[in-house]
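Structural characterization, general
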Amino acid sequence: MRKSLLVYLSLLSSIFYFTFPSNAISSCNGPCQTSDDCDGQLICINGKCNDDPNVGTNICSGGSSPSPPEGNCQPSGTLTCGDNSYPTYTCSPPESSSTDAQLTLNDFSEGGDGGAPSECDESYHAKTELVVALSTGWFAGRSKCGSMIRISANGRSVTAKVVDECDSMHGCDSEHANQPPCKNNIVDGSDAVWDALGLDKEVGVVPVTWSMA
């Protein structure tokens, strides 16, 4: 009986392969063979186009219409890194006196996660320095270089200096330590920032709020 089931599934797969046109583009829950068959940020999961759990997109919701991104900051394109595609952004969510963000961990020292020296001062920074990088939209073309921001989480706050951009447009090369583009809501903090907030660095990503200091 198990062999018969396998034969049946194989037959269905063959029928699907020959009936789905290679140049067709599907939206949410539409048929697909590869992620190239899916529209925009969607990927092919079990023969249907759906959100990419590794990117964290939330375009599909039970087959309903796409929901607008936070702050209406929509992707400006995609960047393909090997077998994965990532959304790219020129914008970030609107800033406020308490802007929601995701705090990530970065090593700004030479040979660390940051790749090239920090964009603002062309220097590397030790793990003990209270420094951050901001997503492209918040970095705003170097306009926040040297500015101090206040980051709050876990009932604590810390002030850190903006020294770099967390590039939401480019990645997957030596300049970016072969990492994919940043999301559009990232505050990328040094070890010292995480320690000051009493956060577990093993977690890697923690929700925080930030504002200009």
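Because the structure is a prediction, the values reported are computed rather than measured.

Another aspect to go through is the state of the cysteines. Scanning the entire structure with this criterion turns up 3 disulfides. Here C73 pairs with C91 through a disulfide, and the sulfurs are 2.0 Å apart. On the sign convention where negative means left-handed, the S-S torsion of about 100° between C73 and C91 marks this disulfide as right-handed. Of this pair, C73 sits in the loop between β2 (48–50) and β3 (77–81) while C91 sits in the loop between β4 (84–88) and β5 (99–105); the two residues are 18 residues apart in sequence, bridging distant segments of the chain. Judged by its relative accessible area of 3%, C73 falls in the buried class.

Of note in this structure, E122 is not a glycine but carries a positive phi near 55°. Within the element layout of this structure, E122 appears in the loop between β5 and β6 (131–135). One non-glycine residue, R142, lies in the positive phi region at around 75°. Judged by its relative accessible area of 40%, R142 falls in the partly exposed class.

Here the focus is the side chain of N184. Topologically, N184 is positioned in the loop between β8 (156–166) and β9 (186–189). Note on N184: relative accessible area 10%, which makes it buried. Sequence-distant contacts of N184, defined by excluding residues within four places in its chain, comprise C73, Y89, C91, S92, P93, S135, W138 and S168.

Inspection of every chain in the model, using the stated rule, returns 1 aromatic pair. On the numbers, 5.2 Å between centres and 65° between planes, the contact of W138 with W210 is edge-to-face. Here W138, found in helix α2 (residues 136–139), pairs with W210, found in strand β10 (residues 205–212); they are 72 residues apart in sequence, far enough to count as distant. Residue W138 is classed as buried on the basis of its relative accessible area of 1%. Overall, the relative accessible area of 1% leaves W210 in the buried class.

Ranked by internal contacts, the top residues of the largest apolar core, which has 21 residues, are L103, V132, I149, I151, V187, V193 and L197. Breaking this core down by element, the ones donating at least two residues are β5, β6, α2, β7 (148–153), β8, α3 (191–196) and β10. Judged by nonpolar contacts, the second largest core, of 7 residues, contains F108, V131, C166 and C182.

The rules behind each value
Throughout, residues of each chain are indexed from 1 in the direction in which the sequence is written. Given that this is a predicted model, residues contribute local features only at a pLDDT of at least 70 and side-chain atom pairs are listed and counted only at 80 or more, while totals for whole chains, interfaces and linings are drawn from all residues. Hydrogens and water molecules were not included; the side-chain quantities draw on all heavy atoms of the structure. Sulfur atoms of two cysteines make up a disulfide when they are within 2.5 Å. Helix and strand assignments follow DSSP, with helices taken as H or I runs no shorter than four residues and strands as E runs no shorter than two, numbered in order from the N terminus. Only protein chains enter the accessibility calculation, which uses a 1.4 Å probe; a residue is then buried when its area is under 20% of its type maximum, exposed when over 50%, and partly exposed in between. By definition, residues are in contact when any of their heavy atoms lie within 4.5 Å. Any two of the Phe, Tyr and Trp rings considered here, Trp counted by its six-membered ring, make a pair once their centres fall within 6.5 Å; the pair's planes then place it as stacked at under 30 degrees, edge-to-face at over 60, or tilted in between. The term nonpolar core refers to a set of buried residues drawn from Ala, Val, Leu, Ile, Met, Phe, Trp, Tyr and Cys, joined through side-chain atoms within 4.5 Å.

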